[in-house]
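Residue-level structural notes
Each chain, letter by letter, is given below.
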6 protein chains.
Amino acid sequence: MRPSGRAPDAMRPVIIETGIVRHAEGSAMIRVGGTEVLCTASVEQRVPPFLRGKGSGWVTAEYGMLPRATHSRGQREASKGKQSGRTQEIQRLIGRSLRAVTDLRAMGEICITIDCDVINADGGTRCASITGAWVALRLALGGLVRNRVIRTLPLNGQIAAVSCGLTDAGAVLDLDYVEDSAAQADTNFVLTRTGGIVEIQGTAEATPFTEDQFMTLFGLARNGVQMLFSAQDEAVAAAESQTR
Amino acid sequence: MRPSGRAPDAMRPVIIETGIVRHAEGSAMIRVGGTEVLCTASVEQRVPPFLRGKGSGWVTAEYGMLPRATHSRGQREASKGKQSGRTQEIQRLIGRSLRAVTDLRAMGEICITIDCDVINADGGTRCASITGAWVALRLALGGLVRNRVIRTLPLNGQIAAVSCGLTDAGAVLDLDYVEDSAAQADTNFVLTRTGGIVEIQGTAEATPFTEDQFMTLFGLARNGVQMLFSAQDEAVAAAESQTR
Amino acid sequence: MRPSGRAPDAMRPVIIETGIVRHAEGSAMIRVGGTEVLCTASVEQRVPPFLRGKGSGWVTAEYGMLPRATHSRGQREASKGKQSGRTQEIQRLIGRSLRAVTDLRAMGEICITIDCDVINADGGTRCASITGAWVALRLALGGLVRNRVIRTLPLNGQIAAVSCGLTDAGAVLDLDYVEDSAAQADTNFVLTRTGGIVEIQGTAEATPFTEDQFMTLFGLARNGVQMLFSAQDEAVAAAESQTR
Amino acid sequence: MRPSGRAPDAMRPVIIETGIVRHAEGSAMIRVGGTEVLCTASVEQRVPPFLRGKGSGWVTAEYGMLPRATHSRGQREASKGKQSGRTQEIQRLIGRSLRAVTDLRAMGEICITIDCDVINADGGTRCASITGAWVALRLALGGLVRNRVIRTLPLNGQIAAVSCGLTDAGAVLDLDYVEDSAAQADTNFVLTRTGGIVEIQGTAEATPFTEDQFMTLFGLARNGVQMLFSAQDEAVAAAESQTR
Amino acid sequence: MRPSGRAPDAMRPVIIETGIVRHAEGSAMIRVGGTEVLCTASVEQRVPPFLRGKGSGWVTAEYGMLPRATHSRGQREASKGKQSGRTQEIQRLIGRSLRAVTDLRAMGEICITIDCDVINADGGTRCASITGAWVALRLALGGLVRNRVIRTLPLNGQIAAVSCGLTDAGAVLDLDYVEDSAAQADTNFVLTRTGGIVEIQGTAEATPFTEDQFMTLFGLARNGVQMLFSAQDEAVAAAESQTR
Amino acid sequence: MRPSGRAPDAMRPVIIETGIVRHAEGSAMIRVGGTEVLCTASVEQRVPPFLRGKGSGWVTAEYGMLPRATHSRGQREASKGKQSGRTQEIQRLIGRSLRAVTDLRAMGEICITIDCDVINADGGTRCASITGAWVALRLALGGLVRNRVIRTLPLNGQIAAVSCGLTDAGAVLDLDYVEDSAAQADTNFVLTRTGGIVEIQGTAEATPFTEDQFMTLFGLARNGVQMLFSAQDEAVAAAESQTR
């Protein structure tokens, strides 16, 4: 039995709200159960030095947690003077995942920076960030098309992410904080709508796991992301209907 | 005529919502027009080194802006590796203002850290932070009383803050970003409900101003904060009614 | 009765000596009682990036305390690896105050950096810094006129600063360290010779203060700065008579 | 055809030499083709703060690249003043992988720090680091047993790591730098001798990949690590025969 | 002919003034020609961690240059966020030199920190710092004896330092900035009054030099320091006569 | 009697191996007894800003210790976020010494960076670094001549370095760690093959030493470096014979 009473293959409720950050070219507040992440996409007509003059665009991401997103307050990274290894690992993952479905050459020399800031943390913040980030990116790119900066959406796919794990209740989908901190194995899947794999991360906490266990977790993730794709679709449709 | 069409002595609409950050002992999302700040209060049973064993509590504050709170994206302070002078100045002001109305000795050896994170910036973020921070602090202290950690609310007063300035439309109350960036003088007032002065900051941008002008701005502020006190009262009342 | 035996409206003795730092385009050592600050003005033919090509000059300031300026040795900020919030707040104030009386456009694309380094601290270091900084700036600008880099002095006014506070001896002028550390309220006024206000900072330490109290402090400051203006005049006159 | 002419399922030659770093409680220089990593294990009788007094040990890792391990010289992280996100990601992976097969409670309050420093980089440095790190850890733990600090080896398993990828030559084992920089997908597998999964990381570079492709890569890895286990066995046997 | 017209074996005028920094337990402003360094000694009843409980004292030093001590303004190390290699090298030299003549065990568990801050730089700042630092240290130790914290002066000797170099005018004593920046070789000697060597640093700039040349420079230094010892004696005598 | 049983004027065995770092334009692993340093030379067609467009080249050096080169593990400087004063002092010494025998103008606008990384430390790491660095530099310059980037070797001399010290066994050559940590005086000599002095550093640890003692140490060094020059010659000859 899961602590939350959910079925092993049950996602938490998902809500994606757009437009909350008014200056951003795209923004999405995603809530997956008690986890809440604010994702913004910022467009700049200027790529990083290594791409200048090469005719290609760039998508990158930064991740942060508000100090009191967690059970006890964490020190603010800005006052510590550096981002933790965990923060850097997550923001590299978000950026890499988005670039895997973006046609960077079709963007032209434009850089889009995605900021994912966690307001409330209850497990799965990196997955919620990726799922919300895709919406923010999609809306910013849609705006560029609308403003005729680019001709067509430079997106090769739609991505969403979910975590699965081996817990005392067996293999389960979409771990919350309580499950996550006691899981024997923790896996994150970033998948495309058409079934492609963008990123797989599987970690044994104290005991190695088997290939069969891994395939079970993979199956849970494949089903789970469908609900995220629907939430993304609704959010994008709602946002785009307002801009028309 | 003000860019927003407001009367010189008109505040922007103010809304304070509580409880958004679930782990925090007190939290308030304050919206003053297009400015939106998330304020949380975190209680720790552990004071900073200089106060240990002295029987006194502490209240301190940290301030941050989400990178895309502003018109163009600003670099994340956590990735820059340091907080700007402006950030430090503001967070020192918030902490100092709250301590001026808190009975630190009556708190016992407890430290409350207020985090003010700006989600949307449209002028007056430091004033909105102070006004919202007081609500978060008040709710956290209320919780300590309810949990019998302390006997009575260790608060000597209620504070709110507003900015006034000299603009092309004359002396005006509650500057938005457009007004703020073109003002000849910019003043911030942190006042108590009973008319006391907690902090006054007045700055001439390009031309010194006169004592008369200053007194006019002061008068606008005195009236303006009343609306903030009402919004604080409502927010506290609503939050406390839910916890009973 | 004040700890120093001074009358409530009495300044400490003020001496401003110029030319101590030989390489600097302008320099002033200011002593206000036991407080001693070395101020230098450095001219560079190169403005900060945000002003390049705009035909305007810039004035900025940096502040530091020698480690043993204070009663017990403070850690050197260079070895700590960062400037404290207090340091940044003060240097921002000094720069802002000087810019308020400088005609930046008339300077041309020249940057003047003022360094204020505290040799001995006995209260009022930020005010002494501003008063001394104006002399260093004035001398550096005078040199630019003499060297025909600019045609006329790009100064719209003369500024000086003084602190006043509410202490056990009532409202007093020009707080020394003992008074400052026990004051109920602490105010700093940066004023022009013609009576204009450049900056007002008033802070309640533990109890809010009233408008009347504030006006009393303001009155003390208005009188107090006159002595500073005279000391500035003498210092500038002495320095300029040597360069002729 | 692979750039190196290797068969798709062929590892590069592997050599593990021990004892090169004389002060270290365990050390291993691992060469996998042109990649060369020096791994040391350092034993301290002192665990990190979060474990003190809990009777449990700790294993952690740090990773670095000598500036000229790569084709063109990279800036030294010590002079840059921070470790890159990539460095932190890799050292977190190494530490996590080793902890998954270590019985931390059986170690007692001892901390073992593994340092992996890359002397020559030709692809697969994180995998070589993990494989070499296990040897260094094994030798250090063996020494603790020999010195009767602990009674039995607190190791639940033997781990090795290898990368596989989708390249123009199809799915291939043990990517070198040329293959790695052009791969469509890059996967790293940390596996135990008994077939358990400790860590899986799969990343699509520009195009998502399929589950079938992933399973092919997984199969290559399963075979490839056998050769690494043999090299580890020989290195440990040789080192231990000398200490007897 | 030297740029200054001095004879090859002529020192610049030396003046040492004491007591300028009022809070410091010892202070000396040393002027060697156009070089001016403010040296303070700060006493703390607390040694660094590696000495705690060992019954021994410590002497350490920090060095800094005010930004405009030099011909063109240098960036403030506190705002750069780190001390340069040159700064660190110099402050290590000062501390090491002082410790070589201090009986650390006789001090008891007391730490004396010497701060050397350069007000005006015209060559030889590290040598002037050492010479002035000894005076500040001597006065602080004298105070500890006077206050009966320690029984006798824990000093085994008196040190002074001077630079010599090979220039277009041959081997010369006490290089000023113009000579220093064009010298073929630059040597610094820290010597005791009784002829002992505390530190020798000799550096060829572009061409190696010979043993004979080195011995000539050494001879110049031996004579030159005598004048520094006299200036130290006078300064100490003057300071001590005031404290009686 | 020396701890190692060596005669006072006996060097430890010296071996210099080249070509270990495959990407570097020059590399040398030098072993002096138990001290082992990996030196690489990296060529870049780009000089530091202060030399751009001046037609001159540059040689600079960086130094590091692998964390477990020493008896107990030291914190990694990259994770500490800064290089120690000792590290900076040593790398400045290495660069300065190499520049003293390099004809920078003859190099053209090329920068060569020498990295010296200590694998095993047993005293004399800075001297071993300089001796090995010269070989790496020599090989890199030889490559530039071979590739016709420059016409002739821009080297004015050959340098090697050795430490001598006053220990309980008297004046001795080439101190190992045990001797170094207990020496009364420690001197480092960087000498050219033709007898020139490039750098002398002599430091009294607790007692000043005499000129006679210094000259004895100097004599030991003069003889000791001969063995280093031979080892350099052999290493260069072996490396160059392979490239032909």
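Treat the numbers as computed from the prediction; the structure is a model and nothing was measured.

Scoring rules and cut-offs
Here the residue numbers are simple positions, counted from 1 along each chain's written sequence. For naming, the first written chain is A and the first written ligand is 1, with later ones following in the order written. Two thresholds apply to this predicted model, a pLDDT of at least 70 for residue-level local features and 80 or more for giving and counting side-chain atom pairs, whereas whole-chain, interface and lining totals are computed over all residues. For side-chain calculations, the full set of non-hydrogen atoms in the structure is used, while hydrogens and water are omitted. When checking whether two residues touch, look at their non-hydrogen atoms; a contact exists if any pair is within 4.5 Å. A least-squares fit on C-alpha atoms brings the copies together, and the residues used are those whose pLDDT is at least 70 in both copies. Each axis is a line fitted through C-alpha atoms, taken for helices only over the stretch in contact, and angles between the N-to-C directions span 0 to 180 degrees. Only DSSP runs of H or I with at least four residues qualify as helices, and only runs of E with at least two residues qualify as strands; both kinds are numbered from the N terminus onward. Any angle that falls under 35 degrees is termed roughly parallel, while one over 145 is termed roughly antiparallel, one within 65 to 115 roughly perpendicular, and all others oblique. Working rule for handedness: look at the near helix, and if it is turned counterclockwise from the far one by less than a right angle, call the crossing left-handed; if clockwise, right-handed. Ten residue types, Ala, Val, Leu, Ile, Met, Phe, Trp, Tyr, Cys and Pro, are classed as nonpolar, four, Asp, Glu, Lys and Arg, as charged, and the remainder, Gly among them, as polar. Only one rule defines a salt bridge in this text: a Lys or Arg side-chain nitrogen within 4 Å of an Asp or Glu carboxyl oxygen. Residue exposure (1.4 Å probe, protein chains only): buried if accessible area is under 20% of the type maximum, exposed if over 50%, otherwise partly exposed. Every residue gets a pLDDT, meaning the predictor's confidence in that residue, from 0 to 100. Computed with a 1.4 Å rolling probe, the buried area is the accessible surface lost when two parts are put together, summed over both parts. Here a polar contact means two N or O atoms within 3.5 Å. Within protein one must be a hydrogen donor candidate and the other an acceptor candidate, and residues neighboring in sequence count only if both atoms are side-chain atoms. Two strands make a pair as long as DSSP finds a minimum of two bridges between them. Here is the rule: rings of Phe, Tyr and Trp (six-membered ring for Trp) pair when centre to centre is within 6.5 Å. Planes less than 30 degrees apart are stacked, more than 60 are edge-to-face, and the remainder are tilted. Disulfides are defined in this document as cysteine sulfur pairs within 2.5 Å.

Describing the arrangement of the chains
- For the non-touching pair chain C and chain D, the nearest C-alpha separation works out to 11 Å.
- There is a gap between chain B and chain F: no contact, and a shortest C-alpha distance of 11 Å.

Brief notes about the relation of the copies chain E and chain C
- Of the transformation superimposing chain E on chain C, the axial component is 0.0 Å and the angular component is 180°, with the fit at an RMSD of 0.0 Å. One copy is carried onto the other by what is essentially a two-fold rotation axis.
- Both copies contact each other with a shared surface, as 100% of the interface residues of chain E are interface residues in chain C too.

Points about the packing of helix α2 (residues 85-99) of chain B against helix α4 (residues 125-146) of chain B
Residue and element names in this part refer to chain B.
- Axis separation between α2 and α4 bottoms out at 10 Å; the angle between their running directions is 40°. Classified by the angle their axes make, α2 and α4 are oblique. Relative to α4, α2 is oriented so that their crossing is right-handed. Residues R86, E89, I90, L93, I94, S97 and L98 of α2 lie in contact with α4, whose contacting residues are T125, R126, S129, I130, A133, W134 and L137.
- When its residues are assigned to classes, the contact of α2 with α4 shows 8 nonpolar, 3 polar and 3 charged.

So, the pattern of salt bridges
- Within this structure, the stated rule accounts for 126 salt bridges over all chains.
- Linking E25 of chain C and R68 of chain E is a salt bridge whose minimum nitrogen-to-oxygen distance equals 2.5 Å. Linking E25 of chain C in the loop between β1 (14-18) and β2 (26-32) with R68 of chain E in the loop between β4 (58-65) and α1 (77-80), this pair reaches from one chain into another.
- Residue E25 of chain C is classed as partly exposed on the basis of its relative accessible area of 36%.
- Of the charged contacts in the structure, one is a salt bridge between R76 of chain C and D115 of chain E, with a shortest N-O distance of 2.7 Å. In this pair, R76 of chain C sits in the loop between β4 (58-65) and α1 (77-80) while D115 of chain E sits in strand β5 (residues 111-120), so the two residues belong to two different chains.
- On the basis of relative accessibility, which here comes to 8%, the residue R76 of chain C falls in the buried class.
- Salt bridges linked by common partners bring R2, R6, R12, D122, D174, D176 and E179 of chain A together as one network.

Concerning the confidence of the model for chain A
- Summing up the model confidence of chain A, the mean pLDDT is 96 and the portion of residues at 70 or higher is 100%.
- Two summary scores accompany this predicted model of the complex, namely pTM at 0.94 and ipTM at 0.95.

Details of the interface of chain E and chain C
- Contact with chain E, which involves 37 residues of that partner, is made by 37 residues of chain C.
- Both faces combined, the contact of chain E with chain C buries some 2800 Å², and carbon together with sulfur accounts for 47% of it.
- Summed over the three residues of chain E that lose the most area to chain C, namely H23, R68 and R76 of chain E, the buried surface amounts to 26% of that side.
- Measuring nitrogen to oxygen at the nearest pair gives 2.5 Å for the salt bridge that ties D115 of chain C to R73 of chain E.
- At the junction of chain E and chain C, the tally comes to 24 residue pairs in polar contact (both at pLDDT 80 or more).
- Of all the secondary structure elements, the ones that give two or more residues to the side of chain E that touches chain C are β3 (35-44), β4, α1 and β5 of chain E.
- A class-by-class count of the residues in the side of chain E that touches chain C yields 14 nonpolar, 12 polar and 11 charged.

Concerning the sheet that holds strand β4 (residues 58-65) of chain F
Residues and elements named next belong to chain F.
- If you trace the 5 strands from one edge of the open sheet to the other, you get β1-β2-β3-β5-β4, paired in mixed fashion. Strands with a single pairing partner mark the edges of an open sheet, and in this sheet they are β1 (14-18) and β4. Mean inter-strand twist for the sheet, computed between neighbouring axes without regard to direction, equals 20°.
- Looking at chain direction, β4 and strand β5 (residues 111-120) are connected through 8 bridges and run parallel. The residue bridging Y63 from the neighbouring strand is C116, located in β5.
- Where helix α4 (residues 125-146) meets the sheet, its contacts fall on β1, β2 (26-32), β3 (35-44), β4 and β5, and the angle it forms with β3 comes to roughly 35°.

Points about the packing of aromatic side chains
- Applying the stated criterion to the full structure yields 33 aromatic pairs over all chains.
- Each ring, one from F189 of chain D and one from F218 of chain D, has its centre 5.0 Å from the other, and the planes form 15°; the classification is stacked. Placement of F189 of chain D in strand β8 (residues 185-192) and of F218 of chain D in helix α6 (residues 211-243) is noted, with a sequence separation of 29 residues between them. By the burial criterion, F189 of chain D is buried, and F218 of chain D matches it.
- Members of the aromatic cluster, connected to one another through ring pairs, are F189, F209, F214 and F218 of chain A together with F189, F209, F214 and F218 of chain D.

Overview of the state of the cysteines
- All told, the structure shown has 0 disulfides over all chains when counted by the stated rule.
- With no disulfide of its own, C127 of chain C has C164 of chain C as its nearest cysteine by sulfur position, at a separation of 8.4 Å.
- Exposure remark for C127 of chain C: the relative accessible area of 5% places this residue in the buried category.
- Note on C111 of chain D: no disulfide assigned, nearest cysteine sulfur contributed by C116 of chain D at a separation of 14 Å.

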